[in-house]
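Given next are the chains, with one letter for each unit.
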Amino acid sequence: MLQLKRDYLNQKVLERLSTLQLHARLPMVGSVSGKHRSPIRGSSLEFAEYRKYVPGDDTRRLDWRAYARNDRYYIKEFEADTNLRMCLVVDTSGSMDFTDNGNPAGTDAESGLSKLDYARRVAGTLAYIAALQGDAVGLYCAGQAFQKEIPPKRSATHLSVVLDELGTMEASGETGLADVLHETAERIPQRALIVVISDLFIEPETVRNCFEHLRFRKHDVAVFHLMEQNELDFEFDRPMRFVDMEGGEPILADPTVIGAQYRRAMEIYLESMDEVIRDTEVDYHRIQIHENYGDVLARFLLGRTPKRHK
Amino acid sequence: MSFLQPLALIALPLMALPIIIHLINQQRHRTIPWAAMMFLMRAKRMSRGMARLRHLLILLMRVLAIGALIFAISRPLSGGWLGSVGLSKPDATLILLDRSASMEMQDLQAGESKRSTALKRLAQLLEQGDYGTHLLLIDSASGQMQEVDSPKALLNLPMTGASATSANIPSMLETALAYLKANESGRAEIWICSDLNENDWDVHSGRWNAMRQAFAQLEGVHHFLLAYTDPPSNNLSLRVENVQRWKRGNDAELILDVMVRTNGNSGGTRRVPIEFEVNNIQSVVEVELDTLGASLQGHRIPIDAKLSSGWGSVSLPGDANPLDNRFFFVFSEPPVRKTVVVSDDKRIGEAFRRALAIPLDPRLQHQADVIPVNRVAEIDWESTGLLIWQGALPSGLVAEQIEHFVNSGRAVMFFPPAQNAGEQLFDSHWGAWQSADGKEVAKVAWWRGDADLLAHVESGDALPLNGLRTYRYRTLESTGTPLARFDDETPLLTRVPTDHGAIYFCSTLPTAQYSSLERDGIVFYIMLQRALTEGCLTLAAAAQRDAGVGVLADRDQWESIAPAENTASLSQRELHAGVYREGEHWVAVNRSQAEDNAKTSPVETVDALFDGLSYRRIDVDVGDTSALASELWRIFLIAMALALILEAILSLPSRKTEDTPLIDLATAEGITE
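About the thresholds
- Residues numbered from 1 in each chain as written.
- Chains lettered and ligands numbered in written order.
- Predicted model: local features only at pLDDT ≥ 70, side-chain atom pairs only at ≥ 80, totals over all residues.
- Helix = DSSP H or I, 4+ residues; strand = E, 2+ residues; numbered from the N terminus.
- Contact = placed C-beta atoms within 7 Å.
- Nonpolar A, V, L, I, M, F, W, Y, C, P; charged D, E, K, R; others polar.
- Pairing = 2+ DSSP bridges.
- Core = buried A, V, L, I, M, F, W, Y, C linked by C-beta atoms within 7 Å.
- Buried ≥ 20, exposed ≤ 12 C-beta atoms within 10 Å, placed from the backbone.

Engineer: Any details on the overall build of chain B? Residues and values, ideally.
Structural biologist: Scanning chain B for helices and strands turns up 16 helices and 32 strands. Look at the contacts in chain B between residues 6 or more apart in sequence, and 76% of them connect residues 24 or more apart.

Below, the structure is given as structure tokens:
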């Protein structure tokens, strides 16, 4: 077990989740043998199919028993297991600094987690689990003010780099999530698991374009959509001056006047987002950040377990 | 709108409280960092429409609720016409009550007259409100002002009862104006109750302009006219135009001219019984009425020959106005129509005597005496009806005697002296003699043919003044009104206005040296006979008079003869129709002819009389005694409750937002599994 010194990682959660495995929902193309299905036939114990011998095939893979029965040459093929490239894309826009009590993170020691803290925990834990099972882990910070790109690698030192970066990343400025997702889709040459952790405060059609791009490149896409209860309920009893956490103009509004319209706008947005998810078939998880992230991740990992193992 | 608790209206600014709270609330905002700005901006855009309107409506409902509560506490009174009254109470309230006979027009179902209806409604209104320190009544019958203790007392005062008089609204307003000026009253309300009778209002009088200007200089005076503007209902009035007692052999008879007038729509011709009562003997005659009415001329009623004087009445069946259904008359033997001609010129005196000694009606007795100026002291003023004075205008005692003679209702005609002009009398003074310069004669260029001495005869033909030739005439400096003028504008005949009697000045003499008056005869004779008739009106022992203050003032011991139910006090009885007697003298008091004329002044004309003043006309119906103003606090409380209910409904959160969960995590999570 790796020695952990990151305070956003919880030892108990890690121990609890270490019994679970991170599976890709789609076949992966890895550089080494691993625990994930590969589209390429390999030498695992899992039988795949027979095919006729063609000159040039390795004679060691001839099934002599079949030859004895049919007097024909057949090559016996097995599934290949390979490793996984997991790219963690964390939104580091200013809005990710929003906490579960409406205050920016760090302003109050006793206050709850910010979305970024929550993202840090989810991403760190997933990175740890992936590294533990020998998969490559990469990190992409998607903020216009704070962007960072750490390509996926398998080494333990690389995990340390990723975890350090997770610990130091900050939320500020506008989001660069769409650009980062498009770039990631283009840059990662082989199939990978793209884990997006964001509040997704961008237009659903933009999100659709990003996800379709990733899916087109055969990537397995998982999304942790972080929301806060206040953002959904919009329950305030007096006029408020809302300061844009991404640097835009503040808005003075009376929630008793525009509350219904806000909730209606939110409802429309979430319905649109559901439609995007259905169409792009990504692994979508809408999370409220007061939820226990261990439970969220356990649900996530169990949901990805291949059916044949059930 | 007026208020019983106007001080409560000071709290009206509290209506702004919801808006102020809203604005303060806006300022008390908390600053919060917010991530989901995109939804906030969308919500702001969406809330520009209905939601904003809803919020404004909520604010409005709160404002209305507070306003309605304040109004309810201030106890408002209904009546948009009270709007100009304002909030402060008046220092004085003056009631100008038209007590004329036409105000007794009744609503037969309600049994209330215009006068009583107006009084009740006004008393009720004033009782509810604040009428100030002084409540004053000016009644049209007496024209006097008197203070009233309370609005309720108005209903029982003798000065607010029915009367047979006419009203003089301009005069009543002048009395009110004099009071306001003398007492320097601040804010005052003047309530005029009237049926807008044309005669009572005299809208063409020049007094209105002066009065309007005087009222305009007073601040805080509000005029309210409680007016009956409805056309008159179906009503008949009757009047005895003339009554004469003639002796025929050993018998005697009364000859009456009776006029029945129809007001309103009579619905075609119909027959109406007229009841005559003379000496407690009744007789009934039916007359046929057309749209205008009927005239019964020369109706003869035989009487006892020994009955030299007495009284009677003519009655109609009851209708809308009970006051004009009975008319009293008195009769007596016709007096000797005596004329005294004062002239030093025998020739001229004889001309007058001849014209005056011959009566128009052979049954009348005429007497004309000619005396020189120096025997004036011998004149029996009491039995004389007409005085012809041809000589220098007198002064001193004689002038005083003539003045008294005129004031007692007799007539005097002055003719120019040949020489000395004399003193000034009745604001008139003889000038120099004029001859028809360059012309043979002076012609009469204009004369008044509609009334007075030179009026057209009954057939409608004009008197032949065109043919009158005048050779010499004397100019006259007078404030009188010309009745005829020569073509050089010099008056031929002038009448000097007086309260009683008649005064005429004629600029030429009847003899051939001066004019053709005597030779042509007709104009001269008719002119003198008419003057004599006018002067002898008061000679008769029986007189018909119009009801009004002072009509019984000439004698002290008038005894009420009719009607039997006449219970009016001494001070009030001259205002009511009836018959009065003192010794040989009889007086029948009736409403004036103008009161039988139901013609009302157009409301636009009446309104124009108050142009530039604070004035409001309130049209009322006769018999309608409903309150002029009623308390409205219940309406305002209901309005407040409605506003609060509406506010609550508008404040309810949208049901859709309540019931629909925004996030269904169960379906959202792992949606693609």
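Okay, back to it.
Engineer: Tell me about the interface of chain B and chain A, residues and numbers included.
Structural biologist: Listed by partner, the interface residues are 36 residues for chain B and 43 residues for chain A. Looking at the side of chain B that touches chain A, the elements with two or more residues in it are helix H1 (17-27), strand S2 (30-34), helix H2 (37-46), helix H3 (50-73) and helix H16 (665-668) of chain B. Considering every element that reaches the side of chain B that touches chain A, the biggest residue donor is H2 of chain B, with 9 residues. Its residues assigned to classes, the side of chain B that touches chain A shows 19 nonpolar, 11 polar and 6 charged. In this structure, strand S8 (residues 240-244) of chain A lies alongside S2 of chain B, joined through 5 bridges in parallel fashion.

Engineer: So what's going on with the nonpolar core? Residues and values would help.
Structural biologist: Residues Met86, Leu88, Val89, Val90, Leu126, Ala127 and Val195 of chain A are the most contacted members of the largest nonpolar core, which totals 83 residues. If we ignore the near neighbours within four places in the chain, the residues touching Leu126 of chain A are Leu22, Met86, Leu88, Val195 and Leu297 of chain A. If you look at the next biggest cluster of nonpolar residues, it comprises 57 residues, including Met413, Ile503, Tyr504 and Leu532 of chain B.

Engineer: How would you sum up the pairing of strand S9 (residues 188-194) of chain B? Please name residues and give values.
Structural biologist: Residues and elements named next belong to chain B. Along S9, 7 of the 7 residues are buried, which leaves the element largely enclosed by surrounding structure. A two-sided burial pattern is seen for S9, the buried positions comprising Ala188, Ile190, Ile192 and Ser194 on one face and Glu189, Trp191 and Cys193 on the other. For strand S4 (residues 92-97) and S9, the ladder comprises 6 bridges, and the chain directions are parallel. For Thr93, the partnering residue across the bridge sits in S9 and is Glu189. Bridge count for S9 against strand S10 (residues 221-227) is 7 bridges, and the pairing is parallel. Directly across from Cys193, in S10, lies its bridge partner Leu226.

Engineer: Tell me about the pairing of strand S11 (residues 235-248) of chain B, and please be specific about residues and values.
Structural biologist: Residues and elements named next belong to chain B. Where S11 lies against strand S12 (residues 251-263), 13 bridges are found, and the strand directions are antiparallel. Bridge pairing in S12 places Arg248 opposite Asp251. Linking two consecutive strands that pair antiparallel, namely S11 and S12, is a turn of 2 residues; a positive phi of about 65 degrees is found at Gly249 within it.

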